[in-house]
Amino acid sequence: MKKLLTVLLVLCVVMTAVFAQAAAETAKFPTKDITLIVPWGAGGSSDLVGRRVTDEMAKIFGVNISVVNTPGATGTVGMTDCLLKPHDGYTLIANATPHTHYVNGLADWSPKDWDFLAAYYVPCVIAVQKDSKYKTFNDLYEALKSNPANTIKNSVAGIGSSGYNAVMVLSATDKVMGKGLNTPYAGGADAIKALLAGEVDFTSQLSNEMIDLLRSGDLVALCSLTSDDLVLDGVKDPIPSIKKFIPELEKSLPIGDAFGLMFPADVPDATKAILEDAFVKACKTDSVKAFANEKGMVLLGANIAESNKLKDDAAVAIGYVLWDLGIAKHSPADKGYQRP
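Residues numbered from 1 in each chain as written. Predicted model: local features only at pLDDT ≥ 70, side-chain atom pairs only at ≥ 80, totals over all residues. Heavy atoms only, no water.

For the coordinates displayed, the defined rule picks out six aromatic pairs. Taking the centre distance of 5.2 Å and the plane angle of 45° together, the rings of phenylalanine 137 and phenylalanine 245 count as tilted. Pair noted here: phenylalanine 137 is in helix H4 (residues 137-145) and phenylalanine 245 is in the loop between strand S8 (219-224) and strand S9 (256-264), with a separation of 108 residues, a long-range link. Taking the relative accessible area as the measure of exposure, phenylalanine 137 reaches 1% and is therefore buried. With a relative accessible area of 26%, phenylalanine 245 lands in the partly exposed category. Linked through ring pairs, Phe29, Phe61 and Tyr90 together constitute an aromatic cluster. Directly above the aromatic system of tyrosine 337 lies the positively charged group of lysine 112, at a separation of 4.5 Å from the ring centroid. Residue placement shows lysine 335 over the ring face of tyrosine 102; its charged tip is 4.7 Å from the ring centre. (Phe/Tyr/Trp six-rings, centres within 6.5 Å; stacked < 30°, edge-to-face > 60°. Helix = DSSP H or I, 4+ residues; strand = E, 2+ residues; numbered from the N terminus. Buried < 20%, exposed > 50% of the residue type's maximum accessible area, 1.4 Å probe, protein only. Lys NZ or Arg CZ within 6 Å of the ring centre and 35° of its normal.)

Summed over all chains, the structure comprises three cavities of 30 Å³ or more. Put simply, the largest cavity is a space of about 200 Å³. Forming the walls of the largest cavity are 25 residues, and the residues nearest its centre are Trp40, Asn95, Ala96, Ser161 and Ser162. Those elements giving two or more residues to the lining of the largest cavity turn out to be helix H2 (45-61), strand S3 (91-96), helix H5 (162-171), strand S7 (202-206) and S9. Among the residues forming the lining of the largest cavity, the class breakdown is six nonpolar, 16 polar and three charged. What the second largest cavity holds in volume is close to 40 Å³. Forming the boundary of the second largest cavity are His99, Tyr102, Val103, Pro111, Ala315, Pro332, Lys335 and Tyr337. Within the lining of the second largest cavity, the residues separate by chemical class into six nonpolar, one polar and one charged. (1 Å grid on protein atoms, 1.4 Å probe; cavity = no way out; pocket = protein on both sides within 12 Å on 5 of 7 lines; lining within 4 Å. Points joined across faces, edges and corners; volume = space filled by probe spheres on them. Nonpolar A, V, L, I, M, F, W, Y, C, P; charged D, E, K, R; others polar.)

To continue, consider the nonpolar core. Within the largest apolar cluster, 71 residues are counted, with the highest numbers of intra-cluster contacts made by Met57, Leu225 and Ile242. The biggest single contributor to this core is strand S4 (residues 114-129), with seven residues. Look past the residues within four positions of isoleucine 242 in its chain and what remains in contact with it is Ile126, Phe137, Leu170, Met177, Cys223, Ser224, Leu225, Leu249 and Leu253. Judged by nonpolar contacts, the second largest core, of 14 residues, contains Val125, Val200, Met210 and Ala221. (Core = buried A, V, L, I, M, F, W, Y, C linked by side-chain atoms within 4.5 Å. Contact = heavy atoms within 4.5 Å.)

This part takes up helix H10 (residues 304-324). For H10, spanning 21 residues, the distance from its first C-alpha to its last is 30 Å, which sits close to the expected 30 Å at 1.5 Å a residue. Buried within H10 we find Ile304, Ser307, Asn308, Lys311, Ala314, Ala315, Val316, Ile318, Gly319, Tyr320, Val321 and Leu322. In this fold, the buried residues of H10 make contact with S4, H5, S9 and helix H8 (269-282). Capping the start of H10, asparagine 303 holds a side-chain oxygen 3.2 Å from the backbone nitrogen of alanine 305, two or three residues further along. Just downstream of H10 lies glycine 326, where phi reads positive at about 80°. (Expected span 1.5 Å × (residues − 1). Polar contact = N/O pair within 3.5 Å; in protein donor to acceptor, adjacent residues only side chain to side chain.)

Take the side chain of asparagine 147 next. Along the chain, the position of asparagine 147 falls in the loop between H4 and strand S5 (153-156). A polar atom in the side chain of asparagine 147 sits 2.8 Å from the side chain of threonine 151. Beyond its immediate sequence surroundings of up to four residues, asparagine 147 is in contact with Ile152 and Lys179.

Here you go:
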């Protein structure tokens, strides 16, 4: 009996030491380099935002943050890859709010499986190339209305991406807005390239992914999916709100997405706090602030609680729109999201 007690005492001492060491390592986070997975191609919103913010976080941490682009299945490939790695904070994701992967049947995981850190809000814009026959939004709208065969193509960054969700939300009020043929690409940058190449007729894409082309005049914005006209630095004229053309759509506005970083929700709390602190500090740097004006975005720099609310609100609003339209394969209710 005494021998058994001695063994148990030794085990307790060893386990205490192990837990103490693990806690110490967590408190010192990070002690090694971090990987940022961008589940889209290079040059899109997630990629640009992720690189800019983590450049500043790397300076704060004193470690390297390497970027790996892993596109596929509307971001699901890279997101799932992150979930398969240790949930220790050393693998991060750069993405928009992950609100439709489950309802669209792309993943089994829920938006609640992720903690989010929102860096910027980006509105959607409907645009055409400069030589398009659609000179105004009304031109495009009338063409869509008389387009029963869905021959007018819209480039999106995958089914379930921000641009795709935008027209689906609009079509819940005005079915004409859902009559374009949504043509998926590997990311926002590729969707824009497709428009420039003449592969599609228009794009419902995020402002930051076309801002330079709007400034140069190679793309022309027909309308913004914002409540008010959208003023972008370096773009000659304000972009009219879509509600000027279809007043009934005002209740659906604004439509866009928040972009930032995320990681599995069961990362240790101490590590989360360190990541959150570095993220908030990074978003206060001149570099990250200037990037907002440069790329036509709104700086948020939100903490985890604020960001998760944005994520979950989007999961409810967009998820139920897709479900009610008969597009979604699963209801948001399956993951505990109730109708508002």
